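Here is how the chains run, residue by residue.
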Amino acid sequence: MTSTTTPIMLNSGAAMPPIGFGCWQVGRAAIAEAARAGYRAFDTATFYGNEKQVGQAIGDAGLARADVFVTTKVWRNDMGYAGTLKAYDTSRRLLGVESVDLYLIHWPQPDDKLVTETWRAMEHLLDRGEVKSIGVSNFEESDLDLLARHSDVVPAVNQIELHPLRQRKRLVAANTARGIVTTAWSPLGQGGPVLRNPELKSVAAAHGVSVAQVVLRWMLQKQIVTIPRSGNAERIAQNIDLDGFELSPAEVARIDALAN
Ligand code: A2P
C-alpha cells in the first residue's frame, strides 16, 4: 500500500516525501506544529517572506538536516542569471541550510530570456552541487518546451495548482511523459467547494475519514506530491494521517471523473 513515508524519486536521483507542509500564509507556530506532527518536507518561497521562520521551526524541532526536505522558490524580481544566484544565497542564509533540496522558478514570465537565464543559473547551482534538485512552478506545457529548447536539464518537479475539481490531467500527463514529478499546491482547493463536494463526502463517510484526507490520499495513490496548508494543530495532524485507509480503484475512478 502506498504510504506517506515512501518517498517519490526525482529525475535528479533525490528522494522527495510525497507529502509536505505548505508554508504559504502560515507562521512559525504552525510550521513547528507540522514538524511535531511528522511532516518532513516544507515548501516555502522568497515571496512568502517566511524562510527564516521555516528554518527556525525546523531547528527548534531538532530535526537532523538529512531528514528534512526543504523547497524554496525564486521570485520574479530576482530572476535572471546573477539575480538568481544572489537570491539563492539569501534563501540559504535565511533558511539556515547549506543547500536547498529543491529550488523552483516560482512563476513563468512573458520574457523568455529572463526564464532561460534563470534556468541557466539554477543549472550552474546544480552542477556545483549547491542545490540538490531544480524545478519549476506554475509552468504550462509551452513553458516546459521553452526550457527544453535551451537546456538538457529536465525540471525535477512542476508544482501546479491542482485539486479534485481542477485536475489538470493534460498537464500532469505531460509532466509524467517528460520525467517531471507533479506537486499539487492548494490540494484542498483553499478550503472551498472541494471540501463540500457530495461525491468526496460520500467516499469520506465510507472510510470514516475527512474529505481532506480523501483528497490527499487520492493524490498519494496517484503519486502526486501534495503540500496542504493549515494553521490548526488538529487539521495539520489530520492531513498527514493518511496511512490508515486505502481508496479502491473504483473510488479513485469516481474522484478522477469529477473534473478534467
Ligand atoms: P485552516 O488553516 O483553518 O485549517 P490549501 O492547502 O488547499 O490551500 O487549503 C488551505 C485551507 O484549507 C486553509 O484555509 C485551511 O484552513 C483549510 N484546511 C486545511 N486542512 C483542512 C482540513 N483537514 N479540513 C478542513 N479545512 C482544512
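Residues numbered from 1 in each chain as written. Predicted model: local features only at pLDDT ≥ 70, side-chain atom pairs only at ≥ 80, totals over all residues. Heavy atoms only, no water.

(A) Quick look at the sheet that holds strand β6 (residues 100-105). Strand order in the open sheet made by the 8 strands is β3-β4-β5-β6-β7-β8-β9-β10, with parallel pairing throughout. Only two strands of the sheet have a single partner each, and these edge strands are β3 (21-22) and β10 (225-226). Here 4 bridges tie strand β5 (residues 69-74) to β6, and the two strands are oriented parallel to one another. Counted as the bridge partner of Lys 73 is Leu 104 from β6. Contacting β5, β6 and β7 (131-137), helix α3 (residues 81-95) runs over the sheet at an angle of about 140° to β6. Against the sheet, helix α4 (residues 112-127) contacts β5, β6 and β7, and its axis sits at roughly 160° relative to β7. (Pairing = 2+ DSSP bridges. Helix = DSSP H or I, 4+ residues; strand = E, 2+ residues; numbered from the N terminus. Contact = heavy atoms within 4.5 Å. Axes fitted to C-alpha atoms, helices over the stretch in contact; angles between N-to-C directions.)

(B) A look at the pairing of strand β8 (residues 157-161). Summarising burial for β8: 5 of the 5 residues are buried, a large majority. Here β8 shows two buried faces, one formed by Val 157, Gln 159 and Glu 161 and the other by Asn 158 and Ile 160. Direction of pairing for β7 relative to β8: parallel, over a ladder of 2 bridges. Counterpart to Ser 137 in the pairing with β8 is Gln 159. The parallel pair β7 and β8 is bridged by helix α5 (residues 141-150), and the resulting crossover is right-handed. For β8 and strand β9 (residues 181-185), the ladder comprises 5 bridges, and the chain directions are parallel. Note that in β9 the partner of Gln 159 across the bridge is Thr 183. Each parallel crossover has a hand, and the one from β8 via helix α6 (residues 169-178) to β9 is right-handed. (Buried < 20%, exposed > 50% of the residue type's maximum accessible area, 1.4 Å probe, protein only. Right-handed = clockwise from strand over helix to strand, strands pointing away.)

(C) Looking closely at the site of the ligand. Near the ligand you find 16 residues, and of these Ser 186, Arg 229, Ser 230, Gly 231 and Arg 235 are the closest. A distance of 2.7 Å is found between an oxygen atom of the ligand and a side-chain nitrogen or oxygen belonging to Ser 186. Between the ligand and the protein, one listed contact pairs an oxygen atom with a backbone N or O atom of Gln 190 at 2.9 Å. Class assignment of the residues belonging to the shell around the ligand gives a composition of 5 nonpolar, 9 polar and 2 charged. (Near = heavy atom within 4 Å. Polar contact = N/O pair within 3.5 Å; in protein donor to acceptor, adjacent residues only side chain to side chain. Nonpolar A, V, L, I, M, F, W, Y, C, P; charged D, E, K, R; others polar.)

(D) Just α5, in detail. Among all positions of α5, only Asp 143, Leu 144, Leu 146 and Leu 147 are buried. What you see down the axis of α5 is that its buried residues fit within an arc of 150°, all on one side. Seen from the open side of α5, the exposed residues pointing more than 90 degrees away from its buried face are Ser 142 and Arg 149. On the buried face of α5, the contacting elements are α4, β7, β8 and α6. (Arc of directions from axis to C-beta.)

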